[in-house]
Amino acid sequence: MTEPAAPSPQTHGELVIRTIAMPADANANGDMFGGWVISQMDLGGAVLARGTAHSRVTTVAVDGMSFLRPVNVGDIVTCYAQLLSIGRTSMKIAVEVWVQRYADTTLLRVTEGTFTYVAIDKSSQPQPVKR
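Residues numbered from 1 in each chain as written. Predicted model: local features only at pLDDT ≥ 70, side-chain atom pairs only at ≥ 80, totals over all residues. Heavy atoms only, no water.

Novice: How would you summarise the pattern of salt bridges if you had to cite specific residues and measurements?
Specialist: For the structure on display, the rule yields three salt bridges. Note that D63 and K92 form a salt bridge whose closest N and O atoms lie 3.4 Å from each other. In this pair, D63 sits in strand 2 (residues 56–67) while K92 sits in strand 4 (residues 90–100), placing the two residues 29 residues apart along the sequence. Using a relative accessible area of 34% as the deciding quantity, one classes D63 as partly exposed. For D75, the salt bridge is made with R101, and the minimal N-O distance between the two is 2.4 Å. Within this pair, whereas D75 is found in the loop between strand 2 and strand 3 (76–86), its partner R101 is found in the loop between strand 4 and strand 5 (107–120), the two being separated by 26 residues in sequence. A relative accessible area of 2% means that D75 is categorised as buried. (Salt bridge = Lys/Arg side-chain N within 4 Å of Asp/Glu carboxyl O. Helix = DSSP H or I, 4+ residues; strand = E, 2+ residues; numbered from the N terminus. Buried < 20%, exposed > 50% of the residue type's maximum accessible area, 1.4 Å probe, protein only.)

Right, here's the structure in full:
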């Protein structure tokens, strides 16, 4: 009798960024710096926010970061973003980061967080989110 297959991981949101973790952004142990991971999340969340607002956006808050496992040099890093809510000028976006380890097809969730972006005009002043 064979074991049932493990359920595949469930990503949430749309694919917004995919990159390879490179040595220049790693610590001496070969783990990616948390700041590098957060910057990828911010870029990915901004892709969704900009597309939603149809304008420039700026990050105003990051809430609820949880690092579940490290990101290693050579991992394929993928960010998924999901719009949670829209205010008059702001958007809350959940961002998940998943990795595929070298020579493995398994996806592992490594972190998640909620980012708040504000739509801004050419003078960097808040403006209503275009709907």
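Don't stop here, the text continues.
Novice: Outline the pairing of strand 3, supporting the account with residue identities and numerical values.
Specialist: Of the pairings in the sheet, the one linking strand 1 (residues 14–20) to strand 3 comprises six bridges and is antiparallel in character. Of the residues in strand 3, the one forming a bridge with I17 is C79. From the end of strand 3 to the start of strand 4, which pair antiparallel, there are three residues. (Pairing = 2+ DSSP bridges.)

Novice: Quick rundown of the sheet that holds strand 1? Include the residues and the values.
Specialist: Judged by pairing direction, the sheet is antiparallel, and its five strands sit side by side in the order 1-3-4-5-2 without closing on themselves. Pairing within the sheet leaves two strands with one partner each, and these edge strands are strand 1 and strand 2. This sheet shows a mean twist of 25 degrees between the axes of neighbouring strands, independent of strand direction. Across the face of the sheet, helix 1 (residues 34–53) comes into contact with strand 1, strand 2, strand 3, strand 4 and strand 5 while running at roughly 50 degrees to strand 5. (Axes fitted to C-alpha atoms, helices over the stretch in contact; angles between N-to-C directions. Contact = heavy atoms within 4.5 Å.)

Novice: Describe the side chain of Q40, listing the residues and the values that go with them.
Specialist: Secondary-structure assignment places Q40 in helix 1. Look at Q40 and you get buried, because its relative accessible area is 10%. The residues touching Q40, leaving out its near neighbours within four places in the chain, are I17, T19 and C79.

Novice: Can you lay out the confidence of the model for the chain for me, pointing to particular residues and giving the numbers?
Specialist: Looking at the chain, the pLDDT average stands at 93 and 94% of residues meet or exceed 70. No element of the chain has a lower mean pLDDT than strand 2, which averages 94, and none a higher one than strand 3, which averages 98. (pLDDT = per-residue confidence, 0-100.)

Novice: Please set out helix 1 residue by residue, giving values where relevant.
Specialist: Here helix 1 spans 28 Å end to end across 20 residues, near enough to the 28 Å set by a 1.5 Å rise per residue. On its buried face, helix 1 sits against strand 1, strand 2, strand 3, strand 4 and strand 5. Backbone geometry just after helix 1 places H54 at a positive phi near 55 degrees. (Expected span 1.5 Å × (residues − 1).)

Novice: Which residues make up the environment of V57, and what values go with them?
Specialist: Residue position: V57 is located in strand 2. It is 8.9 Å that separates the C-alpha atoms of V57 and S90, two residues lying 33 residues apart in sequence. With sequence-adjacent residues up to four places away left out, V57 is seen in contact with A46, A49, R50, M91, Y117, V118, A119 and I120.

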